[in-house]
Each structure stands twice: as structure tokens, then as C-alpha cells.
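Per-entry structural report
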Amino acid sequence: MKKLPLSTILIFFFAAVVYAVGAATRAGVPGMVFDSIRESLGITAAQTSGISSAGVFGCIAFLGVSGMLIDRFGWRKVILAGVVLQVAGEWLLYTFTSLPVVYAGAFVNGGGRTIGYLTILKFLDTEFDRKYFSVLIGVFYIFSYGGTLLGSSPFESLATDHSWQTVLRWANHLTTACGVAVALCMLASARPDRETAAGTIPKRREPFPWKELLGQLKKPQCVAVFSCAAAGIVIYWSCLSVFGKKYLSDVCGADASAIGTMNTLVMIEMIFAGSVSFLCGNRRKVFQTIGCTMLAAGCAVLFAGTLLPGGTARAAAWAGFLLLGAGYGFTCIQISACREFVPATFAASAIAFVNFCANILIIALSQVSGWLFDRFKAADSLAASPTAFRLILAICLVIAVPAALAAFFLRDSRGRNISAEL
């Protein structure tokens, strides 16, 4: 493995902490404080869901260009832009009460998170031996899903004693401090990136080979592997940021502890599943199939829980959320497989495309969820009826079941780049 200078390692560390804070923000707002935001801003459930959708739309808007920019110019030239956008967006979120400004903050924050995510993955792909990618991505996921875990039940607990705006302010102070540390480390380690879309940074820039990229993305096996990865992203993040906490409170009369446990399971899997895959000869397909099947099973169990009485519904909720967590936990392997189905020069672009498609569906599902919460609202209460959750979970099943079927027909890349064989 290549020896890295200390400054580069510190850049990774501080950038990963920045992303961890962003992940906590995404999980916590509005998902963990959904009804608190409705009351403090005086808005409907659909408008509250719009905060999540605005953040996801920011991800989509920046995914459209940031992956290609990172592939072309390298991670060092783009990483600080992500930090600045994340700080600015979070500041808008907690400072203003005007809904359009809150939406704008969520949008900008989502764009910053997207740039941070892709630059860190590009860092791992270019600074280390590529065969270790599935292992190293687990190191990054310590921060990524550690942040997500903090954004679930711990965020809810903090927001019980302090306003959600105060919690976000504290988070943004930490983001700013780490962003300054990234900038200082950048000054101490000025050097070109090891790899761009052309392999090295050329003296004369050539146009990005987007036609070649599109030709790769439309291959049937690429569509299948991308579908498997995207399904988990859509279902997990829609659950976490919109309907999961309300499902527990409205259907089961329970707190968010099941989501906290789900996120702990996700974090453990994200950290270690890549290493397990590596020790199994970099096998991907078996983990992809199990992961997608668990996602479908989790949605089915949660759907069944809406038909059951109190205590039994709580047991079904725990089982369903744990299945979702176990299935989504293999996303580190799903992402590793995605980059092995396209040429190495398009690694960031392929991952960006998967997240782009997933985020479009997250926006749609978030807005449909908010509309259903308003449409099937219990009398004299902010709670939604079980019918709303049945319809949401039926949509999740429509996403999860085809992905599970597609996984059975995938080729096993086994850590090799097989784009030329497709």
C-alpha cells in the first residue's frame, strides 16, 4: 500500500468529520424532529418533508457535475468547495424561519455533502491500491454512518432539551473548525493529484469523454448493479429522514430506539463488510443478493406491522428496521461493485450516477410520504393513520423486489474491473 504523507491523512480525517456532521444533519432534520419543525415553523407535513426533499435535490443538482469534475481535476481541487457549501447551507437551516430560505439551506447543504462524499471516495480510489477499496471504504463509513447514528436517537435526545436550531448551530461550529483544518493541511501539502480521468493531469485539457461514459452506463449489467445499490439508498434514507420515526410513534407508540439500533447495525456492517468481502476473494454477488433480499423482507415486515395490534406491531417494527439495516449495510459492497462495472477513469462518475438516480426517487418518496401524512391524518392529532404507512411501504416494495431479482442475474466482479467484458 502506498505511503501517504501525514498532511494527506489529516485531510482525510478532517474531511471525514465534516461529512459525519453532514450525515447527522441529514438524519436528524427533519426525520428525528419532524413534528417539532412543523410546530416551530407552522407548516404542514408535506412542507416539512420538503426540507428533506430540498436537501436531496441539492445532492442531485451537484451529482450532475461534481463526479465528472472530480474525475477530471482530482479530489484536491474540489474538496474545499464542498466544505464551504455544507457550512453555508447548515447556517441557513438554523438561522432563518422563512420556509424558502430553509429550503435553500437544505439544498446548499445537500450539495456540499455530495461533493464531500465523492471527493473522499476518489481519494480512496486514487491514493491506495485499488484492490483494497472495499476495505478502505469501511474506514470512511466509520465517520459516515457514525454521523448517521448520532443523527438518530442521540439527536432526538439533544433536541428534547434544546431546540433543533441550537443543535444544528453546535454541529456547524464543528464543521467550520474541521473545514479550517482541511484548508491548513491543503496549504501544507500542495501537490497534484495522482490520478484524474486521463490518468495524469495533462498540460492541455481535453473535453470530458461523456459519450463514452453514457455508453458504459446504459449496459444491462451496469443498470442491474446500479439498481441494486440505488434501492438500498432510496429505502434506507427515506426511512431515516421521513417516515421511520413517525412509523414508530404513530403505528407503534414507541420511541426512536429501534432506528438507533438499526443505524448501529448499518455502521458495523459498513465498516466490516468490505473486509469480509475482501477475505472471501473480493466476492460481491452473494452479498449483493443477500442485501437486496433483506431490504425487500424488511419492507414486507414493516408493512405487516401496520396490520397488527400494539405490542406485536412493535416487535414487527424492530424486526423490520433491523432487516432494513442489515440489507443496507452491504451498500459498501454494492458501491464497490458499481465501480468495477465501468472503466477506472469513471469511478466517481459512476458512483455519482447511482446516487443521482437514487436521490430522484428519495425526493419523490419523501413528497409522497408528506402528502400521505396530511391526507390520512388522525383526527385532532399530527399522527398519521396506518393507511399512510401501508402505501409508503408498498412503494418501497416496488423498489426493493426488482432489485433483489436483479441481484441474482449479476456477474460476480470479484474485485476486478470487468467493464471490457460486458
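The structure contained in this document is the topic of the report that follows. From a predicted model like this one, the values you see are computed outputs, not experimental measurements.

Things to note about the overall build of the protein chain
Scanning the protein chain for helices and strands turns up 16 helices and zero strands. Counting only C-alpha atoms and orienting by the principal axes, one finds that the protein chain spans roughly 65 × 45 × 35 Å. Here the protein chain holds 422 residues, and 58% of them are scored as buried. Partitioning the intrachain contacts of the protein chain with sequence separation of at least 6 by distance along the chain shows that 84% fall at a separation of at least 24. As displayed, the protein chain has an accessible area near 15700 Å², and 70% of this comes from carbon and sulfur atoms. Separation between the mean location of the 33 positive side-chain charges and that of the 21 negative ones in the protein chain comes to 8 Å.

Describing the pattern of salt bridges
Any two side chains of opposite charge can pair, given that their charged atoms come close. Here the structure, examined in full by the defined rule, presents six salt bridges. Put simply, Glu156 and Lys245 hold a salt bridge, and the shortest N to O gap is 3.4 Å. With Glu156 in helix α7 (residues 153-161) and Lys245 in helix α10 (residues 220-252), this pair connects stretches of sequence that are 89 residues apart. The pair Glu156 / Lys245 is uniform in exposure class, with both members buried. A salt bridge links Arg284 to Glu340; its shortest N-O distance comes to 2.6 Å. Taken together, the positions of Arg284 in the loop between α11 (257-279) and α12 (285-305) and Glu340 in helix α14 (residues 331-340) put the pair 56 residues apart, joining distant regions of the chain.

Considerations on the packing of α10 against helix α15 (residues 347-375)
Packing of α10 against α15 brings their axes to within 8 Å, and their N-to-C directions diverge by 35°. Like other packed secondary-structure pairs, α10 and α15 cross with a definite hand, here right-handed. When α10 is examined against α15, the residues Phe226, Ala229, Ala230, Ile233, Val234, Trp237, Ser238, Val242, Phe243 and Lys246 are found in contact with a partner set consisting of Ala350, Phe353, Val354, Asn355, Ala358, Leu361, Ile362, Leu365, Ser366, Ser369 and Phe373.

A closer look at the packing of α11 against helix α13 (residues 310-328)
A packed helix pair is summarised by two numbers, namely the angle formed by the two axes and the spacing between the axes. Viewed as axis vectors pointing N to C, α11 and α13 meet at an angle of 20°, and their least axial separation amounts to 8 Å. The angle between the axes of α11 and α13 places the two elements in the roughly parallel class. Considering only the axes of α11 and α13, their crossing is right-handed. Contacts between α11 and α13 involve Ser257, Ala258, Thr261, Met262, Leu265, Val266, Glu269 and Met270 from the first element and Trp318, Phe321, Leu322, Leu324, Gly325, Ala326 and Tyr328 from the second.

Observations regarding a nonpolar patch on the surface
A cluster of nonpolar side chains, contributed by Leu6, Ile9 and Leu10, occupies part of the molecular surface with about 260 Å² of accessible area. By the secondary structure assignment, Ile9 is in helix α1 (residues 6-28). Residue Ile9 is classed as partly exposed on the basis of its relative accessible area, which comes to 41%.

Quick notes on the nonpolar core
A general trend in soluble globular proteins is that nonpolar side chains are found buried together. Formed by 134 residues in total, the largest nonpolar core has its most connected members in Phe140, Phe321 and Phe373. Looking at this core element by element, the count peaks at 21 residues for α10. The contacts of Phe140, once residues within four sequence positions are left out, are Phe12, Ala16, Tyr19, Tyr117, Ile120, Leu121 and Leu124.

Cut-offs applied
- Residues numbered from 1 in each chain as written.
- Predicted model: local features only at pLDDT ≥ 70, side-chain atom pairs only at ≥ 80, totals over all residues.
- Heavy atoms only, no water.
- Helix = DSSP H or I, 4+ residues; strand = E, 2+ residues; numbered from the N terminus.
- Buried < 20%, exposed > 50% of the residue type's maximum accessible area, 1.4 Å probe, protein only.
- Contact = heavy atoms within 4.5 Å.
- Areas by Shrake-Rupley, 256 points an atom, 1.4 Å probe, with all protein chains shown as cover.
- Lys, Arg positive; Asp, Glu negative; His and termini not counted.
- Charge placed at Lys NZ, Arg CZ, Asp CG, Glu CD.
- Salt bridge = Lys/Arg side-chain N within 4 Å of Asp/Glu carboxyl O.
- Axes fitted to C-alpha atoms, helices over the stretch in contact; angles between N-to-C directions.
- Left-handed = near helix turned anticlockwise from the far one by under 90°.
- Parallel < 35°, antiparallel > 145°, perpendicular 65-115°, else oblique.
- Patch = residues over 30% accessible without salt bridge, like charges linked within 9 Å, V, L, I, M, F, W, Y side chains within 5 Å.
- Core = buried A, V, L, I, M, F, W, Y, C linked by side-chain atoms within 4.5 Å.

Treat this as a map of the structure, not an account of what it does.
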